[in-house]
Amino acid sequence: MVAKIWKKVLFFILIIACLFNIVNKLVHKSSMKQEVGASVEYITQKESENN
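Residues numbered from 1 in each chain as written. Predicted model: local features only at pLDDT ≥ 70, side-chain atom pairs only at ≥ 80, totals over all residues. Heavy atoms only, no water.

Chemist: Provide a residue-level description of the overall build of the chain, including the pertinent values.
Modeler: Of the regular secondary structure elements, the chain holds two helices and zero strands. The C-alpha radius of gyration computed for the chain amounts to 21 Å, which surpasses the reference 10 Å derived for 51 residues by more than 25%, pointing to a less compact arrangement than a globule. With the C-alpha coordinates of the chain rotated into their principal frame, the extents come out at 70 × 25 × 10 Å. Surface accessibility of the chain: about 5,300 Å² in total, with carbon and sulfur atoms responsible for 69%. Where the 7 positive side-chain charges of the chain centre and where its 4 negative ones centre are 28 Å apart. (Helix = DSSP H or I, 4+ residues; strand = E, 2+ residues; numbered from the N terminus. Rg over C-alpha atoms; globule rule 2.2 N^0.38 Å. Areas by Shrake-Rupley, 256 points an atom, 1.4 Å probe, with all protein chains shown as cover. Lys, Arg positive; Asp, Glu negative; His and termini not counted. Charge placed at Lys NZ, Arg CZ, Asp CG, Glu CD.)

Chemist: Give me the pattern of salt bridges: which residues, what numbers.
Modeler: Pairing between side chains becomes possible if they bear opposite charge and their charged atoms approach one another. One pass over the structure, following the stated rule, counts one salt bridge. In this structure, Glu-49 engages Lys-46 in a salt bridge whose closest nitrogen and oxygen atoms are separated by 3.9 Å. Of this pair, Glu-49 and Lys-46 both sit in helix α2 (residues 32–50), three residues apart, which is roughly one turn of the helix. Under the relative-accessibility criterion, Lys-46 is labelled partly exposed at 36%. (Salt bridge = Lys/Arg side-chain N within 4 Å of Asp/Glu carboxyl O. Buried < 20%, exposed > 50% of the residue type's maximum accessible area, 1.4 Å probe, protein only.)

Chemist: Tell me what's going on with helix α1 (residues 2–27), and back it up with residues and numbers.
Modeler: The end-to-end C-alpha distance of α1, which contains 26 residues, comes to 38 Å, matching closely the 38 Å that a straight helix rising 1.5 Å per residue would cover. With respect to burial, α1 is a largely exposed element, only zero of its 26 residues being buried. (Expected span 1.5 Å × (residues − 1).)

Written out as structure tokens, the structure reads:
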């Protein structure tokens, strides 16, 4: 009896945590332009260190 209650409580907490994670990723989503710019900057920095 108690095990079923704990199972339901933990399952509910898991669902809330997953929803919070999804919403957090949607809110803090970076734009594609920023991602590409950061990648280009990183690559040029590594190439200049190697030369």
